[in-house]
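Fold and geometry: a report
Listed below, chain by chain, are the residues.
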Amino acid sequence: MESRRLGKSEVVLPPIVYGAWAIGGWWWGGTDDPNAITAMKTALEGGRMAIDTAPIYGFGHSESLVGEALESHRDSVLLLTKCGLSWTREDGPVAFPTQTPSGKKVLVRNDLRPASIRQECEDSLKRLRTDVIDLYQCHWPDPETPIEDTMGALARLREEGKIRAIGVSNFDTDLLEKARCALGDVPLASTQPRYSLLARQIEKSVLPWCRTHEVGVLAYRPIEQGLLAGAVPPDRQFPPGDMRPTQKIFSPESRQSILDILDSLRDLSDKHDATLAQLALAWVISQPGLTAAIAGARSAEQALENQAAASLSLSQEELDRIGLAFDPICKR
């Protein structure tokens, strides 16, 4: 599996990063801890791996599982996590309401204040069972905290050796530029936006900006939570607590439209002996400026399937065909 440098930082990633949102259970209808740990250890067998998580994924549970599974393999793992979404803060801007796995209703708030960032970092280090985080990212912007204060706090953590590189997620180009300038000589290593065959909004401004300024791009939802794997037919039912059906993109009509397009590409997947999910992942990581795709896996089979997408070689004509197939329904 090829390696790619993350922007101007010293962090080098594989093109497929293991996404650990689903294993936290929150939003995904629960978790299966033994399977999650097996999946991560299986992914590690393929060589050096990177894993992306966050405190909000299961309210600390995802990070704890990652720490448990990979503690004895720290030298072979790159740990990527985030800060900025607090479920304990009682003031500040509300990001969204939700409930914990125990059923307690909470308001998740944006919080990128320096003191909060430092506490979140310390908490993540403990849960991940490590003394350094390879990439530490702002999960979402905080409209009430000056970006200079946020970047200053992250730069200090980097100076102290608690984090190796600084990234952001869900930032528009104006905020990306402010973050880059606030860091001065410290590189803004990356941004993490949503990007897939169904969601291509970043092609207009974010992706060109990142190419110009040599900022890495880590795409989340590259398989759109299973839709682009062909695994979500219109009649599929989801367990309690799985919030995917609440999204318009998961309506029965949308699912059928996506399946129809995927069916038109099955000759291509057969030609390359690849799955539909692998086609979607290979398309994402082949786009200019993309460093890696973050692909979730809750089983060993999914983890291996995702990793194998990095070895799939598609011609430009095939890439264009895949992109054009989704033009009628993708968002730009």
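Above: the structure in question.
The rules behind the values
- Residues numbered from 1 in each chain as written.
- Predicted model: local features only at pLDDT ≥ 70, side-chain atom pairs only at ≥ 80, totals over all residues.
- Heavy atoms only, no water.
- Disulfide = S-S within 2.5 Å.
- Phe/Tyr/Trp six-rings, centres within 6.5 Å; stacked < 30°, edge-to-face > 60°.
- Helix = DSSP H or I, 4+ residues; strand = E, 2+ residues; numbered from the N terminus.
- Buried < 20%, exposed > 50% of the residue type's maximum accessible area, 1.4 Å probe, protein only.
- 1 Å grid on protein atoms, 1.4 Å probe; cavity = no way out; pocket = protein on both sides within 12 Å on 5 of 7 lines; lining within 4 Å.
- Points joined across faces, edges and corners; volume = space filled by probe spheres on them.
- Nonpolar A, V, L, I, M, F, W, Y, C, P; charged D, E, K, R; others polar.
- Axes fitted to C-alpha atoms, helices over the stretch in contact; angles between N-to-C directions.
- Left-handed = near helix turned anticlockwise from the far one by under 90°.
- Contact = heavy atoms within 4.5 Å.
- Right-handed = clockwise from strand over helix to strand, strands pointing away.
- Pairing = 2+ DSSP bridges.

Evaluated as defined, the whole model comprises 0 disulfides. C330 carries a free sulfur, and the closest cysteine sulfur to it, the one in C210, is 19 Å from it.

Right, let's get into the packing of aromatic side chains. Under the counting rule described, the total for this entry stands at 4 aromatic pairs. A centroid spacing of 5.1 Å and a plane angle of 90° characterise the contact between F59 and W87, whose relative ring orientation is edge-to-face. Here F59, found in the loop between β4 (49-52) and α2 (61-70), pairs with W87, found in the loop between β6 (85-86) and β7 (94-99); they are 28 residues apart in sequence, far enough to count as distant. For F59, a relative accessible area of 14% puts it in the buried group. Exposure remark for W87: the relative accessible area of 24% places this residue in the partly exposed category.

A word on the layout of surface pockets. Approximately 330 Å³ is the volume attributed to the second largest pocket. A breakdown of the residues in the lining of the second largest pocket according to their chemical character gives 5 nonpolar, 4 polar and 4 charged.

Moving on, we get to the packing of helix α1 (residues 33-44) against helix α10 (residues 300-308). Contact geometry of α1 with α10 gives a least axis separation of 8 Å together with a crossing angle of 35°. Crossing angle aside, the handedness with which α1 passes α10 is right-handed. The residues of α10 that touch α1, namely those facing T38, A39, T42 and A43, are A300, A303, L304 and Q307. In terms of residue class, the contact of α1 with α10 is made up of 5 nonpolar, 3 polar and no charged.

With 7 of 7 residues buried, strand β5 (residues 77-83) is to be regarded as a mostly interior element. Because side chains alternate across β5, one face comprises the buried residues V77, L79, T81 and C83, and the other comprises L78, L80 and K82, equally buried. Handedness of the crossover joining β4 and β5 through α2: right-handed. In the sheet, β5 pairs with strand β9 (residues 135-138) via 4 bridges, with the strands oriented parallel. Directly across from C83, in β9, lies its bridge partner C138.

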